[in-house]
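# Breakdown of the fold
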Amino acid sequence: MTRLIMILALLGLTTSMRAQQETGTWSITPRAGVNSSNVSVEDLWGNSDKSYKAKRKWGFVAGVDAEYQAGQQIGVSIGAFYSNEGYTYGNVEDFGRVTQTLHFLNIPILANFYVEPNILPGLALKAGVQFGYLMKADMKDGLGEYSQGRNTQSFKRVNISIPAGISYCYKNFVADIRYNIGLMNLCDVELEVEDSWKTNSLWLTVGYQFKL
């Protein structure tokens, strides 16, 4: 009797696991979280010829993914996310903390590989391509006033990056961590030395999956 109960329980668990990965189905996952970002930029020089290295900036990210389950272990998703990114120079003489903020609308297209649906259901590795549009950019100093104000014109509007990460879904709750590697030079100003401003950002989000 005990063996029968155990067998039925295992069958029920396996059925439940497979039901989470039904081929040909769609799901929608709103998600939000934080990011840590930087841009490979030139050093900032202070009034006393002291240079400052760009440091990582913490920001906010929110959006939604739509995923199609192409197979038991393969899913394809497309999303739309607002991401507050940029970089900071820390404590700069005469200005305090100088922060450059980049407001992106990002469209990630990902392939999701579910490692082993019957053993680790919901665990997925993901990679793909992400298209970004810079909606606006601004820089402010630590005095609470804009040192340059709106400086969107200093950056190119279009960005392309390669996202790679891992996610885990448990009872429709999804935790996702991914790293986005920028491929394009966003600099749109003439500099004395040729420099390449490429983005990089780490996203950590949580969401809830709705099956359609």
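Predicted model, so just to flag it, every value in this text is computed and none were measured.

### What about the overall build of the protein chain?
Of regular secondary structure, the protein chain possesses one helix and twelve strands. Moving toward the C terminus, one meets the helices and strands of the protein chain in the order α-β-β-β-β-β-β-β-β-β-β-β-β. Across the 212 residues in the protein chain, those meeting the buried criterion constitute 41%. For the protein chain, the proportion of contacts with a sequence separation of at least 24, taken over those separated by at least 6, is 66%. Carbon and sulfur atoms provide 63% of the accessible area of the protein chain, an area that totals close to 11700 Å².

### A word on the pairing of strand β11 (residues 199–208)
Relative to β11, strand β1 (residues 26–39) is paired through nine bridges, and the arrangement is antiparallel. Paired with N38 across the strands is N200, a residue of β11. Taken together, the nine bridges between strand β10 (residues 173–182) and β11 define a ladder with antiparallel strand orientation. Its bridge partner being in β11, I181 is matched across the sheet by N200.

### Let's talk about the pattern of salt bridges
This structure, assessed with the given rule, holds five salt bridges. D176 serves as the salt-bridge partner of R31, at 3.9 Å between the closest nitrogen and oxygen. With R31 in strand β1 and D176 in strand β10, this pair connects stretches of sequence that are 145 residues apart. Judged by relative accessible area, which is 1%, D176 ranks as buried. Residue K126 pairs with D176 through a salt bridge whose shortest N-O separation is 3.0 Å. A residue pair is termed long-range when its members are at least 10 positions apart, and K126 in strand β7 (residues 120–140) and D176 in strand β10 qualify at 50 residues. As far as the burial class goes, K126 and D176 line up, both buried.

### A look at the packing of aromatic side chains
Per the counting criterion, the structure on display carries six aromatic pairs. Seen from their ring centres, F81 and W203 are 5.6 Å apart, and the 55° between their planes marks the pair as tilted. A residue pair is termed long-range when its members are at least 10 positions apart, and F81 in strand β5 (residues 74–92) and W203 in strand β11 qualify at 122 residues. W203 gets classed as buried once you look at its relative accessible area, which sits at 1%. On the numbers, 5.3 Å between centres and 55° between planes, the contact of F155 with W197 is tilted. On the criterion of sequence distance, the pair formed by F155 in the loop between β8 (149–150) and β9 (158–170) and W197 in the loop between β10 and β11 is long-range, its members being 42 residues apart. Members of the aromatic cluster, each reached through a chain of ring pairs, are F173, Y208 and F210.

### Brief notes about the nonpolar core
One finds L102, F155 and W197 to be the most contacted residues of the largest nonpolar core, which totals 15 residues. What L102 contacts, discounting residues up to four positions off in sequence, is V39, S83, N84, E85, G86, L134, K136, A137 and F155.

### A closer look at the pairing of β1
Two faces belong to every sheet, and in a regular strand the side chains alternate between them. In terms of strand pairing, β1 meets strand β4 (residues 55–69) through twelve bridges, oriented antiparallel. From the neighbouring strand, W26 faces β4, where its bridge partner is Y68. As paired elements, β1 and strand β12 (residues 210–211) share two bridges and run antiparallel to each other. Note that in β12 the partner of I28 across the bridge is F210.

### Some points on unusual backbone geometry
Positive phi, normally seen in glycine, also occurs at K171, with a value near 50°. Of note in this structure, N172 is not a glycine but carries a positive phi near 75°. With respect to the element layout, N172 can be found in the loop between β9 and β10. Taking the relative accessible area as the measure of exposure, N172 reaches 24% and is therefore partly exposed.

Definitions and cut-offs
- Residues numbered from 1 in each chain as written.
- Predicted model: local features only at pLDDT ≥ 70, side-chain atom pairs only at ≥ 80, totals over all residues.
- Heavy atoms only, no water.
- Helix = DSSP H or I, 4+ residues; strand = E, 2+ residues; numbered from the N terminus.
- Buried < 20%, exposed > 50% of the residue type's maximum accessible area, 1.4 Å probe, protein only.
- Contact = heavy atoms within 4.5 Å.
- Areas by Shrake-Rupley, 256 points an atom, 1.4 Å probe, with all protein chains shown as cover.
- Pairing = 2+ DSSP bridges.
- Salt bridge = Lys/Arg side-chain N within 4 Å of Asp/Glu carboxyl O.
- Phe/Tyr/Trp six-rings, centres within 6.5 Å; stacked < 30°, edge-to-face > 60°.
- Core = buried A, V, L, I, M, F, W, Y, C linked by side-chain atoms within 4.5 Å.

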